[in-house]
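Structural description and commentary
Chain by chain, the residues:
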Amino acid sequence: MQLSEPLDKTLGGNTAKVMADHLDLHTVGDLLHHYPRRYAERGELTRLADLPLDEHVTVVAQVADARVHKFNAGRGQRLEVTLTDGSGRLQLVFFGRSIYHHQKELLPGRRGMFAGKVGTFRNIRQLSHPAYEMLGEDSGKDTVEAWANQLIPLYPACSQMESWKISNAVDVVLASLEATGWEGVADPLPVSLREGRGLLPLPDALRRVHRPRTKADIHDARARLKWDEAFVLQVALARRRHADAQLPAVPRKPAAGGLLDAFDARLPFTLTEGQRTVSAEIFDDLATEHPMHRLLQGEVGSGKTMVALRAMLGVVDAGGQAAMLAPTEVLAQQHHRSITEMMGDLAEGGMLGGSDQGTKVVLLTGSMTTAARRQALLDLVTGEAGIVVGTHALIEDKVRFHDLGLVVVDEQHRFGVEQRDALRSKGKQPPHLLVMTATPIPRTVAMTVFGDLETSVLDQLPAGRSPIATHVVPAKDKPHFLARAWERVREEVEGGHQAYVVCPRIGDDEEEPAGKKAKARAEDGAEDERRPPLAVLEVAEQLEKGPLAGLRVAALHGRMQPDAKDDVMRRFAAGEVDVLVATTVIEVGVNVPNATAMVIMDADRFGVSQLHQLRGRVGRGSAPGLCLLVTEAFEASPARARLSAVAATLDGFELSRIDLEQRREGDVLGQAQSGVRSSLRMLAVIDDEEIIAAAREEATAVVAADPELARLPELRTALDALLDDEREQFLEKG
């Protein structure tokens, strides 16, 4: 028998069909990797006189009496069995049709072992529906203790296939494998790795995880099986990195005394130590003959755009072009504006008044006029424009580059990866790639989800960034707190500053969330499930007429015409708007240093990382920032716990860890991201950092020595099993 063998050959057609339809288990390997969720313990052997309430116990006793009682006018029946062991008495109770089976077993005078949780009924101690096994005349103390201490695996199950049926199926499969000495079962871990790290062979690990004799068995089995998952996944990623490293790329070394040096000489501030370190890593990569694949992650405001701009200028210096891909028009326009402002006349190459060392920086979005678009396309194909900032409009077939050398992708998680790849394919040779995100990613997740990218982290904030005070405003429990929040906004505006108000919905006849979503919100402890989330258009109107009357209030959301959006953002940046009521369209890239306050309405409807991103829009100047998280969630709810966590720390990496712990990571190759069945069943990305890091190291070494895994056919087989076509495609797309 091999792990790839269909279950119907071993278990029969009916059982196999139920397992396939309801648990997505198709092969022997699927079943053996369907690990117990937990293990029930029968509890210590206890005398009847010493039974503790509400604890699991095992007792050895004699049946003194067994009677069937009728109740509910004869419609219901229960079997009551009295046990004794000389020290005390205990009652067992059974209900339902199975009572006659139990009555035949539990005859007065017979001795047995009984296990269950101790409860009371009418002051009598009892076990309800206990597990039991009758003892023969020759059963000694060893038999009793072995039964009492046995660990009972409980499997993830469904109504069509209970845990005990799955357990029986596992018994059948294990017995078949034992009979053949596990012949044909490939072990994916190289022997040297397994022995070097003191890990169990695969058959032992599977045997012990399903049929442990001790807790140490479970620990050792889990340690081995986690390694399988981490190592096979890291080998897949290492092979991606190795394949990418074989691609040719044009080295891009900045010319001395060129555009980059001219830009650096004009900077009115010094780069942080982090910016200098990360820039050095990037320029080292750009100088090689293979494409750079680097993830740059950094807190909101840590200066990622500056690092990316310097990389782009270096590539332009080396004769190439650089493209920055942004997820929204607002963000693309913001990047274009801030880049041209930072560069000054260096962004006007070839134009009247432009610097001789400069280049042209163009914007390309879907909403541009035909004439402006035609000019931008011409500037790209002739090489006149060294830098282009754009949305997915950059990816269209009509867009041609003279010599694309670097692609910068901002906020990677917002892109379909086909878009990223389409842009990369526009280079004569594969361009270098820099992926940026302001969402802090725990190291283990970066090593798994972004495992084909080298990672750089900017964790210093530039000088001049101000602290942000964050408070939870419980609007339902304490309405006067919300009134005070609007007073604080008014005070900030009167002090010469500006404010954001963020809402989860636009309004204007949007589809309302209903059904399951509303119910889930209610269970999460959020506001009354009938109330739809607050909307920008309604809140803006209420604020203008009510608590913020007299202030200049404007609304911003994603369904506005691009020109209208740009006009609102321009007016807000120029100080002509006091309060901007917006959706999460302001989450990334919006930079207004004079904005010092943010009120997030229905804050419990946003994720932890998203709240942290939003909060990063304030405190960007010299004045301290204020962020108020307004919620109607109950005080003891998980939703309030999330908000309290955000209020307690400004450390984005700590918050991303909390976010991951609360949501759990799912599976990096599983349903949340690729729509296929989970492949990580044992490994927890948040908890198993050491294993993931060590597996990455080992995988890199294995692939460097044998990229095709020709000397490791078992690992190759495991890789093929993990990476079916769908998952392979998902992994390749990043």
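Just above sits the structure.
Here's a quick rundown of the structure. Keep in mind that this is a model prediction, so the values were computed, not measured. (Residues numbered from 1 in each chain as written. Predicted model: local features only at pLDDT ≥ 70, side-chain atom pairs only at ≥ 80, totals over all residues. Heavy atoms only, no water.)

1. Remarks on the nonpolar core
Inside soluble globular proteins, nonpolar side chains tend to come together where they are buried. In this structure, M312, M343, I387, L406 and L434 are the most contacted members of the largest nonpolar core, which totals 39 residues. Among the elements that line this core, the one with the most residues is helix α12 (residues 304–317), at nine residues. With residues near it in sequence (within four places) discarded, L406 still touches L286, M292, A311, M312, V315, Q321, A322, A323, P431, H432, L433 and L434. (Core = buried A, V, L, I, M, F, W, Y, C linked by side-chain atoms within 4.5 Å. Buried < 20%, exposed > 50% of the residue type's maximum accessible area, 1.4 Å probe, protein only. Helix = DSSP H or I, 4+ residues; strand = E, 2+ residues; numbered from the N terminus. Contact = heavy atoms within 4.5 Å.)

2. Brief notes about the sheet that holds strand β19 (residues 579–582)
Read from one edge to the other, the open sheet built from six strands follows the order β16-β21-β20-β17-β19-β18, with strand pairing classed as parallel. The open sheet has two free edges, formed respectively by β16 (468–474) and β18 (553–556), since each of these has just one partner strand. Each strand axis lies, on average, 20° off the axis of its neighbour in the sheet, ignoring direction. With seven bridges connecting them, β16 and strand β21 (residues 625–631) associate as parallel partners. Looking at β21, one finds that V473 is bridged to V630. Across the sheet, helix α22 (residues 638–648) touches β16 and β21, and the angle it forms with β16 is around 160°. (Pairing = 2+ DSSP bridges. Axes fitted to C-alpha atoms, helices over the stretch in contact; angles between N-to-C directions.)

3. Observations regarding the environment of P268
Relative to the elements of secondary structure, P268 occurs in the loop between α10 (259–266) and α11 (273–286). Spatially, the C-alpha atoms of P268 and M342 are 9.8 Å apart, while their sequence positions differ by 74 residues.

4. Some thoughts on the side chain of Q91
Looking at where Q91 falls in the secondary structure, it is placed in strand β4 (residues 89–95). Looking at Q91, the relative accessible area reads 11%, which means it is buried.

5. A look at the pattern of salt bridges
With the rule as written, the count across this model stands at 34 salt bridges. E491 is the partner of R488 in a salt bridge, and the nearest nitrogen-oxygen pair spans 3.1 Å. Within this pair, R488 and its partner E491 are both found in helix α17 (residues 479–494), separated by three residues, close to a single helical turn. Residue E491 is classed as partly exposed on the basis of its relative accessible area, which comes to 35%. (Salt bridge = Lys/Arg side-chain N within 4 Å of Asp/Glu carboxyl O.)

6. Here's the deal with unusual backbone geometry
Backbone geometry places N72, a non-glycine residue, at a positive phi of 55°. The exposure class assigned to N72 is partly exposed, which follows from its relative accessible area of 49%. Look at H129: it is not a glycine, yet its phi comes out positive at around 45°. Counting through the fold element by element, H129 comes out in the loop between β6 (124–128) and β7 (131–134). Its relative accessible area of 41% is what places H129 among the partly exposed residues.

7. Side note on the packing of aromatic side chains
Between two aromatic rings, the relevant description is the distance of the centres plus the angle of the planes. This structure, assessed with the given rule, holds four aromatic pairs. An angle of 80° between the planes, with centres 6.1 Å apart, marks the rings of F94 and Y132 as edge-to-face. Of this pair, F94 sits in strand β4 while Y132 sits in strand β7, placing them 38 residues apart in sequence. Of the residues examined, Y132 reaches a relative accessible area of 17% and is grouped as buried. (Phe/Tyr/Trp six-rings, centres within 6.5 Å; stacked < 30°, edge-to-face > 60°.)

8. Considering helix α19 (residues 536–545)
V536, V539, A540 and L543 are the residues of α19 that are buried. What you see down the axis of α19 is that its buried residues fit within an arc of 100°, all on one side. Projecting away from the buried face of α19 at angles above 90 degrees are the exposed residues Q542 and K545. Check the buried side of α19 and you find it contacts α17, β17 (498–502), β18 and β19. (Arc of directions from axis to C-beta.)

9. A look at the pairing of strand β5 (residues 111–121)
Direction of pairing for strand β2 (residues 56–71) relative to β5: antiparallel, over a ladder of seven bridges. Bridge pairing in β5 places V60 opposite M113. In this sheet, β6 lies alongside β5 in antiparallel orientation, the contact comprising four bridges. Within β6, the residue paired with F121 across the bridge is I124.

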